[in-house]
Amino acid sequence: MKEKKKILITGGVGYIGSHITLLFLESGYDVIVVDNLCNSNEKSISRIAKITNKNPLFFKGDIRDTELLEKIFNNHKTDAIIHLAGLKAVGESVVKPLDYYENNVVGTLKLCRAMLKFGINKLLFSSSATVYGEPKNIPLTEKDEVGKTTNPYGTSKFI
């Protein structure tokens, strides 16, 4: 019997993350979720399980916790990562810019280092339209210029 693909979803309990977790479980993947629950609620895990009759493997923790990431990767062969564990409020990022750089930049670097250590080379990163700054054209396309961000959130996603 062929082994199921295993996906790790960071921020997998949040609004977008819980929907993606649900879709991957329904598609037959084994799903590991890492979420610190700063913008979500653990009740989402039981709701996902109720809908799919499958339980994702859930770790309450932070992507900046290298020890946690290495424990997960050491014990669970992971085929790919969907990275959604970013702080996301533009206004809050202006008030707390260092929190955004710490979580969104440092956290992503720690995740990437752990992936490198364990030979995981597939990453889907949830970015943001804020990386485009003030748009010159609507709708935006991937060919539009990026990097002229207007807030710490956008800058942290651009980095």
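Above this text you will find the structure in question.
In this text, all values refer to a predicted model and were calculated from it rather than measured experimentally.

Caption draft 1: Region of the structure containing the overall build of the chain. Along the backbone of the chain there are six helices and five strands. Helices (α) and strands (β) of the chain occur, in sequence order from the N terminus, as β-α-β-α-β-α-β-α-α-β-α. Within the chain, contacts between residues at least 6 apart in sequence are counted, and of these 66% link residues at least 24 apart. As presented, the chain carries roughly 9600 Å² of accessible surface, and 54% of it is formed by carbon and sulfur atoms. Charge-centre separation for the chain: the mean point of 22 positive side chains lies 4 Å from the mean point of 17 negative side chains.

Caption draft 2: Quick look at unusual backbone geometry. Following I138, the chain continues into P139 via a peptide bond in cis, with omega recorded as 0°. Within the element layout of this structure, P139 appears in the loop between β5 (123-125) and α6 (152-158). Positive phi values are uncommon outside glycine, yet L37 reaches one of about 65°. Of note, N53 is a non-glycine position whose phi angle comes to about 60°, a positive value. Residue placement: N53 occurs in the loop between α2 (43-52) and β3 (57-60). On the basis of relative accessibility, which here comes to 71%, the residue N53 falls in the exposed class.

Caption draft 3: Layout of the nonpolar core. With 14 residues, the main nonpolar core has I9, V13, V33 and F58 as its most contacted residues. The set of elements that each furnish at least two residues to this core consists of β1 (6-10), α1 (15-26), β2 (30-35), α2 and β4 (80-83). In contact with I9, other than residues within four places in its own chain, are I20, T21, V31, I32, V33, V34, I82 and L84.

Caption draft 4: Here's a closer look at the packing of aromatic side chains. Applying the stated criterion across every chain yields a total of three aromatic pairs. Seen from their ring centres, F24 and Y29 are 4.9 Å apart, and the 70° between their planes marks the pair as edge-to-face. Given a relative accessible area of 22%, F24 falls into the partly exposed group. Geometrically, the ring pair formed by Y100 and Y153 is edge-to-face, given 6.4 Å between the ring centres and 85° between the ring planes. Taken together, the positions of Y100 in helix α5 (residues 97-117) and Y153 in helix α6 put the pair 53 residues apart, joining distant regions of the chain. The same class applies to Y100 and to Y153, which are both buried.

Rules used in this analysis
- Residues numbered from 1 in each chain as written.
- Predicted model: local features only at pLDDT ≥ 70, side-chain atom pairs only at ≥ 80, totals over all residues.
- Heavy atoms only, no water.
- Helix = DSSP H or I, 4+ residues; strand = E, 2+ residues; numbered from the N terminus.
- Contact = heavy atoms within 4.5 Å.
- Areas by Shrake-Rupley, 256 points an atom, 1.4 Å probe, with all protein chains shown as cover.
- Lys, Arg positive; Asp, Glu negative; His and termini not counted.
- Charge placed at Lys NZ, Arg CZ, Asp CG, Glu CD.
- Buried < 20%, exposed > 50% of the residue type's maximum accessible area, 1.4 Å probe, protein only.
- Core = buried A, V, L, I, M, F, W, Y, C linked by side-chain atoms within 4.5 Å.
- Phe/Tyr/Trp six-rings, centres within 6.5 Å; stacked < 30°, edge-to-face > 60°.

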